[in-house]
Every structure is written in structure tokens, then in C-alpha cells.
Amino acid sequence: MPLAEAATLGAEEPLSPLARQRTQEHTPKDNPGMSYVSEKAERRAVFGKQVKVLLTPLSMEEEKRNKRLPQKRLLEKFSSTEGPSEREPKVKKSRDDPTSQQIRDVSYKASSSPQGVIPSMSSLHHKSRMVSPTNASVTVDHDSENNWDTDSEGSNSDVSYVDGSSQLSAYERKRLKNITENANFFASLKLLESAARLRKMATKGQSHGIKRVKPKKTEAETVRRRSMRLQRVDPSGVPLPEIPAQPEPVIDEYPQLPPGPLPMVPTNQNKSSELTDGFLDTWTKISQINPNDTEKHICNLERYKASLSHMILSEDAVTKVVKNRIYSVAIHPSESRTLVAAGDKSGQIGLWDLNSKSEDGVYVFIPHSQPVSCMYFSPFNPVHLLSLSYDGTVRCGDVTRAIFEEVYRSEEKRFSSFDFLANNASTLVVGQWDGDVAIVDRRTPGTSSELTANVNAKTTRTVHVHPVNRQYFIAAGAVNVCIFDTRYLKPNENKPISFLSGHTKSVASAYFSPITGNRVVTTCADDMLRVYDTSSLSSTISVLTAVRHNNNTGRWLTRFRAIWDPKQEDCFVVGSMARPRQIEIFQDTGEQLHSFYNVDYLGSVCSINAVHPTKNILVGGNSSGRLHVFKD
């Protein structure tokens, strides 16, 4: 291209003052109208294949401010994988600077020339002088990019690659090649896509601290047709009256038995009527005794201890009498035959004739519906067996009439124990769980009491009558153990004549000594057996003897009750938690006189015990309904 055309190309756009000044400085003074072109540029214009443009070198201060490009920018600018349109020479310049457009025009014309030669090197050099050194940027053409491998090996080529205001050295060219190869390798691994996919999954998993429950899709409910009967509407459309709700039936764990007398028929149906009749006849015969024959005598202590050692437990003296846990035991006072009765938790009463010739000699009756907690053969007429139950009834089993007649009944009260007030067993004192006591006369028609008195106790567990002065009785309850006089009882505000102190927990039982009544033994839940001197009934009676004894029977065993031996004034019997299982006997001084045990036939705790009034017979009942009889 002629020089005039290059000058015309340079005059297409106005020049800035700074570019005009630099143009004048490089123009020869002898010919101001001609643009300056170096000999090297002219030589390349004639003989060269390509034109490589050099811009004005940067100053040292500008080079110091420049930094090495990061990998990402270097990869974007000089990636060998770019398309043909991206390899065209580019000039970076702000949009407001007109020199940027001029450089882009010159670069485009250089790359689009058939031989790659710029028509006028003078005009190109002239325009390059007008570009600000700090903002100009020229990228290399195809041949220069293809020569990177040879230049990167340390050749001393004078061509410099510039990006922004920094020059690209041989090290940077080699570094750029390594970056490109690494980028291609990692691109083949598709790590970015995997990371983006994982990031997306993590973003979905985050709930920002709030769990959002998607609302359930509400499906259109189908309209159900209901009959007028279900809608409680008559055919005319008038609503029918509401039916009152029926109360739910209450299932009683212990169904109440009907009031009145019950037949004395054994429930173990394997017993034939002949055997039952024979048993009732035997009971009637052994009950024909003179009350004076059962007079109690005090024997010598040494002889008494010797008699205890002769009492043994044999295999035929152990049997199951009732179905459930035993709550009470009674022994018939006959000396010719041994007849034992036991009352259990379900209201059954089992009678065991140890001298029977039948298989087991056991006859079971059900006169009550709840635990039978107290039971005695009448000391005046032993054909009568009186029993008391939690179900609020006191019944008398009359063998002569073969019925259990009702002596006392209460629909509101629950009974705990009873004892005979009169020697002929015509009147009773009945203890109730709510703390009251009742006086019952068996000679009066009906099943009501003569008097119900509040003895100021939370509960009454046992009552016992003084053997000599029968107007006195002792009541043991939660913590209080008091002696009352029946002659002064009234419905409320009854004061005891004596108070037995020292108990810290509930008292299970309290009994007078059998002959004189000068001693009282109590069984307390604080693991103590206490003996009191009641020969003189003062207002407060202190403890005479205290015996440490394990009374913690738990919920599955009947609580211990220490009872006096009817044959001995100063000795009492109590169950034991010790092993081997045994029944213990103590003197009122606290000394243990004897232990009844048998490792072969006694393997359970006998909580309830009874002693024959005249013979050496001891009966112990356990929580499985089994009786153990020690005898000489």
C-alpha cells in the first residue's frame, strides 16, 4: 500500500493531543508530511511472511506495578483450544477511548490480508504511537501461537507477548502450556460437573433450620350416602330424640355373694356326698366337748422347751388346702382329732382333717368373695366356725345345719378382724379398715351391729379382747396401739384408757397374753417385735422388751403376726424370713427359744401361724395355700 494511503488511513479519525504530540516527535524534520517507517518494518513488508507488531516499551515503574497473571486469566487469554474467531488479535481498551477502536481496526486488517502483510507499515507504526502504553494490548496471530513450543524452549526470539501492561516471558509461555494441558486433563474428569451436582444436592438437603412438611394432596372425598336411620331422622324429616348413653358395666374383681345363708357344699367336686356327710358328722362329734376340759395350765419353761424339740414336720403333714395366699389359720380345739382351717385371698375356706382315711382329707368351701383375714372356732361351741372377710361380711359355718349363716353384713365397710367379747361367743368386736370398730350381738335378729364407734385411728388391722377382763380390747392400726373399754364406747370422740407407745411405722398385730393378759406383743413394720407390761393399765405404757426381727415381707407375702402360745403365758410364735425357712418362738424377755424347720418339707415362708390350745401342734400357712403341721 502507498504511503499516502496509510496517511489517509491515519486521518480517518481525529487524534488525541497526546497521540498527536508523539506522532510529531517521531516524524523526521526534513519531511514533516511523511510518516516514519523503520527500515526493519519496510524490509518485513517486502520480504516477510507475517508482520509482528511492537508497541512502545513500558516504563520501569509500570512494570513494577504489574503482577503475574493468575492461571485462570492466563488460560482464558492464551488457551490453545480457542476457536478461530477467538484467536484474532484483540486490543483491550475502555469504551470511551478512541484509540482502542483504531488498534482493533489495524489488527483486523493485518489478519485479513491475503499474505498477512500490513499495506502501510508507516501508518501502522503511526497508529501504534497514538495508543497509550498503559492501556494498549495486542494478541499474537496464528503463526506466533504455533511457535510457542519453540520459543518456550529458551530461544532468544525478539518477539514479546504482551497482555495488558505486562510482557510474557519464556517461563510464562511454558507455564501457560502446562496450565493448558492440566486444564484439558481435569476437564476430561468432569470434576466441575460433579462438584456442581453435589453442591446442588447439599443445597437441597439444607432446610435452613426449618422442616417444611409438604401438604398432603387433598383428594376429593366421595360423598357417602347415609340412611335416615343412621342420621337419626324419621321418614318425614323430623330428628329423632337422642338415646341416653348406657353406663359401662363395672367388672368387679371380687363379685359380691348374695346375702343370707349359703349351703355348706365343698367345691372340689371329686368328693362324693358320702365323704362330705362323713366329714360333717366327724366335725360334729369332735365338737362335743366340755369347755372346762380346755382349761389352760402353765407348765415349767424347761418342760416347755423340751416339748418343742419333739415337734417335727413329716411328709404327710404338708398339703395344699386352698388355692391362693393364706390370710388366716384356725385349729379345732379337739384333742382326739386334728382339724385345721385356712382362709385364702379369694374367699375360700379349706378344712383339712389330718386323721382322714381319704386321699387328702381336704374340703374347700367358698363363703366369701374377698380375703378371709380372720377366723376362729368358737371356744364355747366348736361346731361353729366364724370367719371374717374384706367383703364386709362375718359368717358362721354351722355344721349341724350345714350352712354358712350371715352374722354381720355392711355394704359400705370393709372388715379386718374380730374377737369374742363374751365367754359364750355371743358378742363380737369387729375391726374395720377405716378405723372404726363395731359391737355385734349374735342373739339379735338381723345382720346389723349394735354400735359403731370411731376410735380415732386411720385404720384398724387387728382387735383382741383381754382374756380376764373381757370389757377391754386392744386395737392396732397405722401407728397407734390403744386399749379401749367397751362399756364407755360411743359413736365419736372415744378416748383410750391406755396407749402403747414406741411404734414408728404401721403395726400389723397386737395380742394379749392368753392366760392373764399381763403382756401384749406387737408386730411392727419397723422390724421390731415389742412386748408391753399390761398388768397395770395406765394412760401410757412403755416398752418392756424390744426384739430386732425382719418383718419386711413385701407385697407377695402376708404380713407377720406374732401370736401367743395358748399353753404358755410368756412365749409367742412368729414367722421368719431367715434361711433355712423356719418358724421362730421367743420368750417375752426377747430370748429365742426354738426354731421349727425342715429342709426337706419346709421351703417357704409361713407368715400366718396357729397353735393348738392343749396339744403340741403348730400350723404354719404360706402364700401358696399350703399348710405345714409340726406335732409330736
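Because the structure is predicted, anything quoted here is derived from the model rather than measured.

**Observations regarding the overall build of the chain**
Then comes step 1: Secondary structure summary: the chain contains 13 helices and 32 strands in total.
Then comes step 2: Evaluated residue by residue, the chain yields a buried proportion of 44% over its 632 residues.
Then comes step 3: If you take every contact in the chain between residues at least 6 apart in sequence, the share linking residues at least 24 apart comes to 56%.
Then comes step 4: Counting only carbon and sulfur atoms, one obtains 52% of the accessible surface of the chain, whose full area is about 35,400 Å².

**Regarding the sheet that holds strand β13 (residues 415–420)**
Then comes step 1: If you trace the four strands from one edge of the open sheet to the other, you get β13-β14-β15-β16, paired in antiparallel fashion. The open sheet has two free edges, formed respectively by β13 and β16 (451–454), since each of these has just one partner strand. Within the sheet, the average angular offset between the axes of one strand and its neighbour, ignoring direction, is 20 degrees.
Then comes step 2: The pairing of β13 with strand β14 (residues 427–432) spans five bridges and is antiparallel. Following the sheet pairing, S417 is matched in β14 by G431.

**Focus: unusual backbone geometry**
Then comes step 1: Omega for the peptide link from R579 to P580 comes to -5 degrees, which places this bond in the cis form.
Then comes step 2: The phi dihedral of D527 falls on the positive side, at around 60 degrees, and the residue is not glycine.
Then comes step 3: Note on placement: D527 falls in the loop between β22 (519–524) and β23 (528–533).

**Description of the pattern of salt bridges**
Then comes step 1: Under the defined criterion, the tally for this structure stands at 14 salt bridges.
Then comes step 2: Across the pair D398 and R401 runs a salt bridge, and its minimum N-O distance is 3.1 Å.
Then comes step 3: Take R401: its relative accessible area is 46%, and that puts it in the partly exposed class.
Then comes step 4: Two residues, D434 and K413, come together in a salt bridge whose shortest N-O distance is 2.6 Å. Placement of the pair is D434 in the loop between β14 and β15 (436–441) and K413 in the loop between β12 (403–409) and β13, with a sequence separation of 21 residues.
Then comes step 5: Among the ionic contacts, a cluster of salt bridges with common partners joins R395, E406, R409 and E411.

**Quick word on the packing of aromatic side chains**
Then comes step 1: The final tally for this structure, using the stated rule, is 15 aromatic pairs.
Then comes step 2: Between F185 and F186 the ring centres are 5.5 Å apart and the planes differ by 70 degrees, which places this aromatic pair in the edge-to-face class.
Then comes step 3: Residue F186 is classed as partly exposed on the basis of its relative accessible area, which comes to 46%.
Then comes step 4: Between F572 and F586, the ring centres sit 5.8 Å apart and the planes meet at 20 degrees, which makes this aromatic pair stacked. Note that F572 is positioned in strand β27 (residues 571–575) and F586 in strand β28 (residues 582–587), a separation of 14 residues in sequence.
Then comes step 5: With a relative accessible area of 0%, F572 lands in the buried category.

**Focus on a nonpolar patch on the surface**
Then comes step 1: On the surface, F185, F186, L189 and L191 cluster together into a nonpolar patch covering about 400 Å² of accessible area.
Then comes step 2: Along the polypeptide, F185 turns up in helix α10 (residues 170–189).
Then comes step 3: Judged by relative accessible area, which is 48%, F185 ranks as partly exposed.

**Overview of the environment of I312**
Then comes step 1: By secondary structure assignment, the location of I312 is in strand β4 (residues 312–320).
Then comes step 2: Linking I312 and F630, residues 318 residues apart in sequence, is a C-alpha distance of 5.0 Å.
Then comes step 3: Look past the residues within four positions of I312 in its chain and what remains in contact with it is V629, F630 and K631.

**Things to note about the pairing of strand β31 (residues 617–621)**
Then comes step 1: For β31, a buried count of five out of five residues is recorded, marking the element as mostly surrounded by other parts of the structure.
Then comes step 2: Residues of β31 alternate between two faces, with I617, V619 and G621 on one and L618 and G620 on the opposite face, all of them buried.
Then comes step 3: As defined by bridge partners, strand β30 (residues 608–611) adjoins β31 across four bridges and the pair is classed as antiparallel. If you follow V611 over to β31, its bridge partner there is L618.
Then comes step 4: Once β30 ends, the chain turns through five residues before running back antiparallel as β31.
Then comes step 5: Pairing analysis gives five bridges linking β31 to strand β32 (residues 626–631), with the strands arranged antiparallel. Directly across from V619, in β32, lies its bridge partner V629.

**A short note on the sheet that holds strand β7 (residues 349–353)**
Then comes step 1: Strands sit in the order β5-β6-β7-β8 across an open sheet of four strands; the sheet is antiparallel. Both edges of this open sheet fall to β5 (326–331) and β8 (362–365), since each of them pairs with a single strand only. For this sheet, the mean angle separating the axes of adjacent strands, direction not counted, is 20 degrees.

**Regarding α10**
Then comes step 1: Between its terminal C-alpha atoms α10 stretches 29 Å, which fits the 28 Å expected from 20 residues at 1.5 Å a residue.
Then comes step 2: Residues of α10 that are buried: E172, R173, R175, L176, I179 and T180. Take α10 and look down its axis: the buried residues cluster within an arc of 155 degrees, on one side only. Facing away from the buried side of α10 by over 90 degrees, the exposed positions are Y171 and S188.
Then comes step 3: Looking one or two residues past α10, K190 carries a phi angle of roughly 60 degrees, positive in sign.

**Focus: the pairing of strand β29 (residues 592–597)**
Then comes step 1: Pairing between β28 and β29: five bridges, direction antiparallel. The residue of β29 that forms the bridge with Q582 is Y597.
Then comes step 2: In this structure, the hairpin formed by β28 and β29 is closed by a connection of four residues, where G590 is found at a positive phi of approximately 100 degrees.

**Describing the environment of G446**
Then comes step 1: Looking at the secondary structure, you find G446 in the loop between β15 and β16.
Then comes step 2: With a relative accessible area of 54%, G446 lands in the exposed category.
Then comes step 3: Between the C-alpha atoms of G446 and Y408, which are 38 residues apart in sequence, the distance is 7.9 Å.

**Focus: helix α12 (residues 273–286)**
Then comes step 1: In this model α12 runs 20 Å from its N-terminal to its C-terminal C-alpha over 14 residues, within 8% of the 20 Å that 1.5 Å per residue would give.
Then comes step 2: Within α12, burial applies to T276, F279, L280, W283 and I286. End-on view of α12: buried residues confined to an arc of 135 degrees, all on one side of the axis. Exposed side of α12, more than 90 degrees from the buried face: S273, E274 and K285 are the residues found there.
Then comes step 3: Residues of α12 that are buried in the fold lie against β6 (339–344), β7, β8, β9 (372–377) and β10 (384–389).

The rules behind these values
Residues numbered from 1 in each chain as written. Predicted model: local features only at pLDDT ≥ 70, side-chain atom pairs only at ≥ 80, totals over all residues. Heavy atoms only, no water. Helix = DSSP H or I, 4+ residues; strand = E, 2+ residues; numbered from the N terminus. Buried < 20%, exposed > 50% of the residue type's maximum accessible area, 1.4 Å probe, protein only. Contact = heavy atoms within 4.5 Å. Areas by Shrake-Rupley, 256 points an atom, 1.4 Å probe, with all protein chains shown as cover. Pairing = 2+ DSSP bridges. Axes fitted to C-alpha atoms, helices over the stretch in contact; angles between N-to-C directions. Salt bridge = Lys/Arg side-chain N within 4 Å of Asp/Glu carboxyl O. Phe/Tyr/Trp six-rings, centres within 6.5 Å; stacked < 30°, edge-to-face > 60°. Patch = residues over 30% accessible without salt bridge, like charges linked within 9 Å, V, L, I, M, F, W, Y side chains within 5 Å. Expected span 1.5 Å × (residues − 1). Arc of directions from axis to C-beta.

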